[in-house]
Amino acid sequence: MSGVIEKARRLLRRKSVAITAAVLALAVLAAAVSVPFLLSKNVDEIAYSDFSRELGAGKVRKIQVQEGGLSVWTEDQQVFVRVPSTHLSAQTVDRATAAGAQVVFQKSGIDAAHAASFVISLIMVAAVLALVAVQVDFKPNARWPRAVSNVPDRFDDVAGQEEAKAELQEVIAFLSNAQAFEKVGARIPKGVLMVGPPGTGKTLIAKALAGEAGVSFMAVSGSDFSAPLIGIAKSRVSKLFEQARRRAPCLIFIDEIDAIGRKRGGGGSAADREFESTLNQLLVEMDGFNTTAGVIVIGATNRVDVLDPALLRPGRFDRQVHIGLPDITGREAILAVHARNLKLAPNVDLAAIARGTPGFSGADLSNLLNEAAIFAARDGMVEIGRDHLEAARNKIIMGLERRSLVISPEERRLVAVHEAGHALCACLTPGSDKVHSATIIPHGQALGLVMRLPEKDRYCIPVEKLEADLIVAMGGRAAEEVVFGPRKVTTGAASDIAHATNIATRMVTEWGMSPVIGMVKVGRSGESYPREVEQEIRRIVEEMYAAAKACIEDNRKALDALVDALLEHETIEGDEVRRIVCLSERRLAA
Ligand code: ADP
Ligand code: ZN
């Protein structure tokens, strides 16, 4: 019993509950005030015969003729007599008058008391609703945004993501010693955008950044700025920056920044205007603070393409750090970080778990260990065993499958073959940019990616380079065809085909690279091209496809070695790609 009381007390201590209680108390008060009025109608009812007798005895002082009957006031009480209006004879009225009673007729069904009670209830309800609205809005505002100083998180807690961490080192240096930067007049970043899928550690990295730099940390979400009342969102933006300046040096983290930062549509509705004024306020605030204030804003989003370009201009979020899903090594490292405080059975192999969890984010992996710990505890074990981890993995995969994020082993192999094809062609085609890395981890819409880096900026692109790009673009589909056969090729090459068609079209119509068409510009945008032009575009793409296919057929061993390496490591660096190709084949492009 005392436990229940203690619980209730604890609940009441929470502010939101106290506010709800206040609102409820008001509602009860409103009811208490209006109920007597409502009850006033509930007078005793008497039979017509009794009324008739009372009237005869001269005890009736007043009758009021109303709908459904008569209200009757006797010497000491008020009663009601039900009389159908058709039966209300003039005789009754005359009798009452003769007996010295006052007779009044009511016009409508509602009397003054009822009207008053109705109005009062209405006012009360409106007052309660207004109170609720105000509370809903100002309650979070009162302690929003909450700043944390002495953030305990460190970069050590973030596994993998080495590139992102390296890129953010400068931000730490700046935050921890803004004056030094100021003295030499260095231009300091104001805003950094972290781009990547959910659960990959963006919040964690931002927090660790504040922890490493030893500055205050304020985290808000873009959705905090969708307030029910006009002008609130805008004032919250100002409030956020005002607090940050007071707390400087300080790091502001805005999660889901697309919620406030998406492209302005210029629509005329009130909601559009409200949205634009909020975004404008954010831009004004970002321009307003001087970099020496020691405030840095980090925004997180999964989609840069929906952001308003104004947000990405210099002096705003002009730096982007990509945070991707972890590869095998990254997953193992994340598992190791989260397993620090767990008791694992000696037979548990984190590397094996990392291999069996493609497509898992850092959050999924941390979740996996936690689920495994729960399974172990349920089994009454003191250590987490292999079976528990296996069961936890299956449970999480089911959740991922529902979000259709799980890649089947067949699909994974297909992606590996496709990407290996691109990588192989890039390695062996003279004139191609060097391979930087190849991966079968999904990036945005793509299931895999071969990244190439140009050695220098190019303004004049030779035909040889264009053809190399076409061969590399066709390499994905060509590998699928060579390995699986023409009936097994997939839709995975759609963007490669679009890209290749685009290059070939420009070669023919703009750059004078087709001997048949010659050095003239053909066609205007929106018009279809003459037949010969279409034929030339087709010829170029088909020839480059044949070249890609030949490259893959001639170097099948290298392709297979690349596929194996991709399946094993998921991401391989450019040097490793070249080493594998070199080992498998004796020749390598200059
Ligand atoms: P995001 O902000 O990208 O959605 P979070 O930072 O909220 O992701 O990550 C959620 C949780 O997942 C973290 O608190 C952490 O436990 C775990 N996590 C994600 N990425 C990593 C990582 N690289 N290293 C360690 N833990 C991670
Ligand atoms: Zn491709």
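The sections below set out a description of the structure shown in this document. Every chain is numbered on its own, with residues counted from 1 as its sequence reads. Chains carry letters from A onward and ligands carry numbers from 1 onward, assigned in written order. Predicted model: local features are reported for residues with pLDDT of at least 70 only, side-chain atom pairs are reported and counted for 80 or more only, and whole-chain, interface and lining totals are derived from all residues. With hydrogens and water stripped out, all remaining heavy atoms of the structure feed into the side-chain values.

Bringing the sheet that holds strand β10 (residues 295-301) into the picture now. Judged by pairing direction, the sheet is mixed, and its six strands sit side by side in the order β6-β8-β9-β10-β7-β11 without closing on themselves. At either end of the open sheet lies a strand with only one pairing partner, and these are β6 (147-148) and β11 (319-322). Two strands form a pair only when DSSP identifies at least two bridges running between them. Each helix is a run of H or I in the DSSP string that is no shorter than four residues. Each strand is a run of E no shorter than two, and both are numbered from the N terminus. Of the pairings in the sheet, the one linking strand β8 (residues 216-221) to strand β9 (residues 250-255) comprises six bridges and is parallel in character. Across the sheet, residue Ala219 finds its bridge partner in β9, namely Phe253. Throughout, a contact is declared for two residues whenever any of their heavy atoms are within 4.5 Å. Lines fitted to C-alpha atoms define the axes here, with helix axes fitted over just the stretch in contact, and angles between the N-to-C directions of these axes take values from 0 to 180 degrees. Strands β7 (191-195), β9, β10 and β11 of the sheet are contacted by helix α6 (residues 162-176), whose axis makes an angle of about 135° with β11. Across the sheet, helix α9 (residues 232-247) touches β6, β8, β9 and β10, and the angle it forms with β9 is around 150°.

By convention in these notes, a residue is near a molecule or strand provided one of its non-hydrogen atoms lies within 4 Å of it. Taken together, the neighbourhood of ligand 1 is formed by 15 residues, with Ala159, Gly199, Lys202, Thr203 and His338 sitting nearest. A distance of 2.8 Å is found between an oxygen atom of ligand 1 and a backbone nitrogen or oxygen belonging to Lys202. Computed on the free molecule, ligand 1 has an accessible area of 570 Å², of which 81% lies beneath the protein chains in the complex. Counting residues per element, the ones that place at least two in the shell around ligand 1 are α8 (202-213), α12 (328-339) and α14 (362-378). All amino acids are sorted into three groups, where Ala, Val, Leu, Ile, Met, Phe, Trp, Tyr, Cys and Pro are nonpolar, Asp, Glu, Lys and Arg are charged, and the leftover types, Gly among them, are polar. Residues that form the shell around ligand 1 fall into these classes: six nonpolar, seven polar and two charged. Domain boundaries shown here were taken from an automatic or database domain assignment. The two domains that each donate at least three residues to the shell around ligand 1 are domain 2 (147-322) and domain 3 (328-398). Distance and chemistry together define a polar contact, namely a pair of N or O atoms within 3.5 Å, with one atom able to donate a hydrogen and the other to accept it when in protein, and with adjacent residues in sequence counting only for side-chain atoms on both sides. Only the protein chains shown count as cover for residues, and all accessible areas are computed by the Shrake-Rupley method using a 1.4 Å probe.

Here we take up the environment of Arg146. Take Arg146: it is sitting in the loop between α5 (112-142) and β6. For every residue, the accessible area obtained with a 1.4 Å probe (protein chains only) is divided by the maximum for its type, and the residue is called buried under 20%, exposed over 50%, and partly exposed between those limits. Look at Arg146 and you get exposed, because its relative accessible area is 59%. Ignoring sequence-local partners within four residues, the contact set of Arg146 consists of Phe217, Met218 and Ala219.

The next thing to look at is the coordination of the zinc ion (ligand 2). Within the first shell, the zinc ion (ligand 2) binds the protein through His418 (NE2), His422 (NE2) and Asp496 (OD), at distances of 2.1 Å. Here a donor is an N, O or S atom found within 2.8 Å of the metal, or within 3.2 Å if the metal is Na, K or Ca; sites may look incomplete because water is not among the atoms. Along the chain, the residues donating to the zinc ion (ligand 2) are arranged with the sequence spacing H-x3-H-x73-D. With His422 in helix α16 (residues 409-428) and Asp496 in helix α18 (residues 494-509), the pair connects residues that are 74 residues apart, well separated along the chain. The same class applies to His422 as to Asp496, namely buried.

Here we come to the pairing of β7. Within β7, five of the five residues are buried, leaving the element largely enclosed by the surrounding structure. The alternating pattern of β7 places Gly191, Leu193 and Val195 and Val192 and Met194 on opposite faces, both of which are buried. Pairing between β7 and β10: five bridges, direction parallel. The partner of Val192 across the bridge, within β10, is Ile298. Looking at chain direction, β7 and β11 are connected through four bridges and run parallel.

Take the packing of aromatic side chains next. A pair of aromatic rings is counted whenever rings of Phe, Tyr or Trp (Trp by its six-membered ring) have centres within 6.5 Å, and the orientation is called stacked for planes under 30 degrees apart, edge-to-face for over 60 and tilted otherwise. Applying the stated criterion across every chain yields a total of two aromatic pairs. Ring centres 6.3 Å apart and planes at 25° place the aromatic pair Phe217 and Phe253 in the stacked group. A residue pair is termed long-range when its members are at least 10 positions apart, and Phe217 in strand β8 and Phe253 in strand β9 qualify at 36 residues. Summarising the burial analysis for this pair, Phe217 and Phe253 share the class buried. Counting as a charge over the ring demands two things of the Lys NZ or Arg CZ atom: a distance within 6 Å of the ring centre and an angle within 35 degrees of the ring normal. Lying across the ring of Trp73, Lys62 places its NZ or CZ 4.3 Å from the centre. Directly above the ring of Phe275 sits Arg262, whose terminal nitrogen or CZ lies 4.0 Å from the centroid.

As a general point, the strands of a sheet are linked pairwise by backbone hydrogen bonds and lie either parallel or antiparallel. A sheet is described by the order of its strands in space; here five strands give the open sequence β1-β4-β3-β2-β5, paired in mixed fashion. Each edge of the open sheet is held by one strand with a lone partner, namely β1 (44-46) and β5 (102-105). Averaged over all pairs of adjacent strands, the angle between their axes in this sheet comes to 25°, without regard to strand direction. The strands that helix α3 (residues 48-56) touches are β1, β2 (60-66), β3 (69-74) and β4 (78-82); relative to β2, the one it contacts most, it runs at about 140°.

What follows deals with the layout of surface pockets. Both cavities and pockets are sets of points on a 1 Å grid over the protein atoms alone; in a cavity a 1.4 Å probe fits but cannot get out, in a pocket the set is open with protein on both sides within 12 Å along at least five of seven lines, and lining residues sit with an atom within 4 Å of a point. Grid points are joined across faces, edges and corners, and a volume is the space filled by probe spheres set on the points. Roughly 640 Å³ of volume is contained in the second largest pocket. What lines the second largest pocket is a set of 26 residues, among which His418, Glu419, His422, Ser495 and Asp496 lie closest to the centre. When residues of the lining of the second largest pocket are traced back to their parent elements, those giving at least two are α16, β13 (449-453), α17 (463-484) and α18. Element by element, the count of residues in the lining of the second largest pocket is highest for α16, at six residues. For the lining of the second largest pocket, a count of residues per class yields nine nonpolar, nine polar and eight charged.

Bringing the state of the cysteines into the picture now. Cysteine sulfur atoms are paired as a disulfide whenever they come within 2.5 Å of each other. Applying the stated rule across the entire model yields zero disulfides. Here Cys425 stays free of any disulfide, with the sulfur of Cys551 as its closest cysteine sulfur at 4.1 Å. Free of any disulfide, Cys582 has its nearest cysteine sulfur in Cys427, 8.8 Å distant. A relative accessible area of 37% places Cys582 in the partly exposed class.

This next bit is on the side chain of Thr505. Structurally, Thr505 is set in helix α18. Aside from chain neighbours lying at most four places away, what touches Thr505 is Glu510, Tyr529 and Ile537.

On inspection of all chains with the given rule, the structure shows one cavity of 30 Å³ or more. Estimates place the volume of the largest cavity at around 50 Å³. Every residue lining the largest cavity is listed: Pro358, Gly359, Ile407, Arg412, Ile440, Ile441, Pro442 and Glu570.

That is the geometry; function is a separate question.
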